[in-house]
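Chain by chain, the residues run as shown.
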Amino acid sequence: MIVEILRHKLGSTESFYQSFKYKPEDERETVATMLENLNLQKELKDIDGNKADKIVFRKSCLQKKCGSCAMLINGKPGLACASKLKDLGDHIRLEPLKKFPVVEDLVADRSIMQENLKLMKTYFEDGAIVSEKRNTLSYEASRCLQCGCCLEVCPNFMIDNGFTGMAGAMPLSRIINELPKQRLKQISKTYSSYVYEGCGKSLACVDICPAKIRIEELLANSNAIAVWKRYIKEK
Amino acid sequence: MINIVGTGLAGMSAAIALAEKGRECNLISYQEAERAQSVMAEGGINASLNTMNENDSIEEHYTDTLKGGSFLADPNAVWGLVNAAPEIVMWLKNLGVPFESKDGKIIERNFGGQKKKRTAYVKSSTGKMLMSALIDEVRKYEVKGLIHRYSHHKVYDLVIEDQKCKGLKVLDRYTGETYQIYGSVLLASGGLAGLFPGMTTGSSDNTGELVFRLFSKGLKLANLEMIQYHPTTIGITGKRMLVSEAARGEGGRFMTYRNNKPYYFMEELYPEEKNLTTRDVATRAVYRIMNDPECSGDVYLDMTHLDKQIWNSKLSDMRDEIKDYLNIDISVEPFKIEPGIHYFMGGICVDEKHHTNIDGLLAAGECCAQYHGANRLGGNSLLGAIYGGKVAADNITDGESGIKKIKEEIKDREIDEVFSLKIRDILRDGMSIIRNKEKLEKAIYDIAVLKKTSLNKGETEKIIIAQAMLECALKRKESRGAHFREDYPETDDEYRKTTVVSYDDGIKIEFADIPERRNS
């Protein structure tokens, strides 16, 4: 198979595509193991026989639990460790997530997600008001990998437009059920301005989420708590 | 300033503990906290909450932990650990961790080596749940200006002058620039999985490189021979995938075929603990059965008899995960497992307060050798990481502050991946589940041969650790916990000591006394 990779040297301003030939060792192989295997070659050569630098990408758990290896795979965001080669055809194109600044090869700088969460203050000031009934929602929201795939496909998210996308909404929905009154007021406002008002409800995030988080359910819950209850009260 | 290296549970727990007292720290990690190995932890966290009407006690948690570790752990440190456990679990609950609970009480599950239900959990995703809660808590103190994050920074060296740690050196992986950051240092950088690439259940980012480097600079390590092979892992491409002990905690059974009939060997071999022995014992049993000519050669986990309710509420994530990777529905079909490397009980030698032998340098979490002795109980790693981080935070003093840009060429520290695989293969043979003198000496010889090839600085540091690990295993002429020598199959009280290994132009191994338990 042919693997086409968008290359970018650290500190450079230019990107270029470079293709490699690859023969999978077995049918379970993923994009992540393919990249590892390419880098294991004594001298990595591209399809024209030119010497190539090792391919830089991020990884950690290699089993869909950490979100590190998110990238564009044939134009679609996904985790390299979860993308099996046999499902991808004979020509695979790999690129870094494009909504974020590129750092090096397949590495994108996703720090905007952390920055947004700081702005949103998605934490308990003085601990949670623990509610067993909400455990399922809290579990679901806690599963977010902060991989950025949802932001990549979101028609509304841009790095600087104040809408955080689901990468911001999920940590917020982890805490929203268990907040004391005063803090809930603040967080409701935060939710409205950073999430609710910016979301165009395309729900492209739902299908793309590698953790298959039940985003709609969490959004419905947050809407009910942060938007509708407040709205009804104010009336 | 205090610098914490690593943002898994131990590092974050320490950062929070400092911030709660108004103390500042830098929290430095290779990647964001969501990528840390702690998110992969599954089965639960131990605390004697006594919510299951089994008359559990802290004393029993203490005894099980020491006994499970074959009495190689520091009893005073363990006593602190088990006493703090209930409070830690309540703290986590208060941070919004959705522990399985009923009528306001946390439900606990059975885990290996503990007769009472003592493991609090969230399905089979406990590590991820704890991490999400701690990440938010760290963020709170980040906003308050107490925690300063460096989330794409590789700490490649420490600044050590006159046996005192003065700071560290980092590479910004987004710019390629290098900096020196001053202050004391707490290492929470994870276990030595980097010695076994592709062979462990952990994160491929746990390269261990910093520890390799520091060993060559005089940092003492302990109990390197104590490597935990988890009895139930699955080979997926590029790594071993863990099947949580929760599988057996909820009723899963080890099985093989003998005379074409299912044979539940653990229930026959260990009629009391059955499928929930400690991991060292289970792993050896599985290994022996796999090599028993009377059996089929494969070992399975049989979970087909479990209640529907367990699949829905307690192990739904595990079932989905295995379906995804193996295309097997484990609720209707037994599945093949094999032991795989999971945890390093050994690591940086620390005292009860988590001080290393270098002034101004502390260590916590899996990178250090504390609490688990010769074999760790399931459910004690999350606890040990969080508690260790807190203890270290209480005992670390601030160093001077400041950061300056430095120019340093660090290319000669990049370890070649093919070289790493060569070391791994040597260690795999030497440090296997069943060890003996011949295998260890052969491995030490192979290391010596490889050492003579042309190696850069990073590679030299790595091979020295590999050699040290093998020599520790050779020196311990007994079987204890995870360390099993078929030439010395008995536990020998003479060796109830900590293996302390240091490097000064050569590897030096001593056996240090284990502290006596204080009256408390």
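Values in this document were obtained by computation on a predicted structure and should not be read as measured data. (Residues numbered from 1 in each chain as written. Chains lettered and ligands numbered in written order. Predicted model: local features only at pLDDT ≥ 70, side-chain atom pairs only at ≥ 80, totals over all residues.)

(A) Seen up close, the domain arrangement of chain A. All names here are of chain A. Along its sequence, chain A is carved into domain 1 (2-108) and domain 2 (111-234). Just the C-alpha atoms count here: the centres of domain 1 and domain 2 sit 31 Å apart. Facing twelve residues of domain 1, the contacting portion of domain 2 comprises 13 residues. The element contributing the most residues to the side of domain 1 that touches domain 2 is strand E4 (residues 76-79), with three residues. The residue inventory of the side of domain 1 that touches domain 2, partitioned by class, reads seven nonpolar, two polar and three charged. (Domains from an automatic or database assignment. Contact = placed C-beta atoms within 7 Å. Helix = DSSP H or I, 4+ residues; strand = E, 2+ residues; numbered from the N terminus. Nonpolar A, V, L, I, M, F, W, Y, C, P; charged D, E, K, R; others polar.)

(B) Looking closely at helix H4 (residues 126-143) of chain B. Residues and elements named next belong to chain B. The terminal C-alpha atoms of H4 lie 26 Å apart, and with 18 residues this matches the ideal 26 Å at 1.5 Å per residue to within 8%. With 15 of 18 residues buried, H4 is to be regarded as a mostly interior element. Downstream of H4 by one or two residues, Gly145 has phi in the positive range, about 85°. (Expected span 1.5 Å × (residues − 1). Buried ≥ 20, exposed ≤ 12 C-beta atoms within 10 Å, placed from the backbone.)

(C) Spatial organisation of the environment of A:Asn39. Mapped onto the secondary structure, A:Asn39 falls in helix H1 (residues 31-40). Along the chain, A:Asn39 and A:Ile55 lie 16 residues apart, while their C-alpha atoms are 6.5 Å from each other. The contact partners of A:Asn39, leaving out residues within four places of it in the chain, are A:Leu44, A:Lys54, A:Ile55 and B:Glu417.

(D) Summary view of the sheet that holds strand E15 (residues 239-242) of chain B. Residue and element names in this part refer to chain B. On the basis of which strands lie adjacent, the open sheet formed by six strands has the order E15-E14-E19-E18-E16-E17 and antiparallel pairing. Bordering the open sheet on either side are E15 and strand E17 (261-263), each of which pairs with just one other strand. Neighbour-to-neighbour, the strand axes of the sheet open up by a mean angle of 60°, direction not taken into account. By the bridge criterion, three bridges tie strand E16 (residues 253-258) to strand E18 (residues 299-302) in an arrangement that is antiparallel. Counterpart to Phe254 in the pairing with E18 is Leu301. Together, strand E14 (227-236), E16, E18 and strand E19 (335-344) form the strand contacts of helix H8 (residues 279-290), whose direction differs from that of E14 by roughly 55°. (Pairing = 2+ DSSP bridges. Axes fitted to C-alpha atoms, helices over the stretch in contact; angles between N-to-C directions.)

(E) Geometry of the interface of chain B and chain A. Counting from both sides, the interface comprises 36 residues of chain B and, opposite them, 46 residues of chain A. Broken down by secondary-structure element, the contributors of at least two residues to the side of chain B that touches chain A are helix H3 (75-94), H4, E15 and helix H12 (417-430) of chain B. A per-element tally of the side of chain B that touches chain A places H4(B) first, with nine residues. For the side of chain B that touches chain A, the per-class residue count stands at eleven nonpolar, twelve polar and 13 charged.

(F) Layout of the pairing of strand E1 (residues 2-5) of chain B. Residue and element names in this part refer to chain B. Of the two faces of E1, the one carrying Ile2 and Ile4 and the one carrying Asn3 and Val5 are both buried. Bridge count between E1 and strand E12 (residues 184-187): four bridges; the pairing is parallel. By the bridge assignment for E12, Ile2 is matched with Ser184. Summarising the sheet, E1 and strand E2 (residues 25-28) pair through three bridges and their orientation is parallel. Across the sheet, Val5 pairs through a bridge with Ile28, a residue of E2.

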